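Next come the chains, spelled out residue by residue.
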Amino acid sequence: MAPPALEAKQTEAYCQRMALPPDRLNRFARHIVLPEVGGAGQAALATAHVVLVGIGGIGSPALQYLAGAGIGSLV
């Protein structure tokens, strides 16, 4: 595993290559720091498309969580 300082620099460089604007980089910094998500995962989320059918008791909170996670397009 890379040292945290090196990993942070690599993540920031990756996000700049993936054209994440600074405001999105700051907003999703907590996601990007997670090893499970990282810069690549957040960039993939930003380009993802999700369709939710039947926004009821379960769909409504799911919609909020997906929007908070930074999904690119919700339909």
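In this text, all values refer to a predicted model and were calculated from it rather than measured experimentally. (Residues numbered from 1 in each chain as written. Predicted model: local features only at pLDDT ≥ 70, side-chain atom pairs only at ≥ 80, totals over all residues. Heavy atoms only, no water.)

Participant: How would you explain the overall build of the chain if you had to name every residue and give the values?
Facilitator: Scanning the chain for helices and strands turns up 5 helices and 2 strands. Put simply, the chain runs from its N terminus to its C terminus through helices and strands in the order α-α-α-α-β-α-β. Summarising the internal contacts of the chain: among those between residues at least 6 apart in sequence, 54% fall at separations of at least 24. As presented, the chain carries roughly 5,300 Å² of accessible surface, and 63% of it is formed by carbon and sulfur atoms. (Helix = DSSP H or I, 4+ residues; strand = E, 2+ residues; numbered from the N terminus. Contact = heavy atoms within 4.5 Å. Areas by Shrake-Rupley, 256 points an atom, 1.4 Å probe, with all protein chains shown as cover.)

Participant: Quick rundown of a nonpolar patch on the surface? Include the residues and the values.
Facilitator: Together, Val51, Val53 and Val75 make up an exposed nonpolar region whose accessible area comes to about 350 Å². With respect to the helices and strands, the residue valine 51 is situated in the loop between β1 (49-50) and α5 (59-69). By relative accessible area, valine 51 is classed as exposed at 60%. (Patch = residues over 30% accessible without salt bridge, like charges linked within 9 Å, V, L, I, M, F, W, Y side chains within 5 Å. Salt bridge = Lys/Arg side-chain N within 4 Å of Asp/Glu carboxyl O. Buried < 20%, exposed > 50% of the residue type's maximum accessible area, 1.4 Å probe, protein only.)

Participant: Before we move on, can you summarise the confidence of the model for the chain with the specific residues and values?
Facilitator: Summarising the model, the chain shows a mean pLDDT of 77, and 75% of its residues fall at 70 or more. Model confidence for the chain, summarised as mean pLDDT per element, is weakest for helix α1 (residues 4-17) at 56 and strongest for β1 at 90. (pLDDT = per-residue confidence, 0-100.)

Participant: Tell me what's going on with the environment of leucine 52, and back it up with residues and numbers.
Facilitator: Within the secondary structure, leucine 52 sits in the loop between β1 and α5. Sequence-wise, leucine 52 and alanine 62 are 10 residues apart; in three dimensions their C-alpha atoms are separated by 8.7 Å.

Participant: Please provide a residue-by-residue account of the side chain of glutamine 42, values included.
Facilitator: Its place among the elements puts glutamine 42 in helix α4 (residues 38-47). Filtering out sequence-adjacent residues up to four positions away, glutamine 42 remains in contact with Phe28, His31, Ile32, Val37, Ala69 and Gly70.

Participant: Help me get a handle on the environment of glutamine 42, residues and values and all.
Facilitator: On the basis of relative accessible area, glutamine 42 is assigned to the buried category, the value being 1%. Measuring from C-alpha to C-alpha, the distance between glutamine 42 and phenylalanine 28 comes to 7.7 Å, with 14 residues separating the pair along the chain. There is a polar contact of 3.1 Å between the side chain of glutamine 42 and the backbone oxygen of alanine 69. (Polar contact = N/O pair within 3.5 Å; in protein donor to acceptor, adjacent residues only side chain to side chain.)

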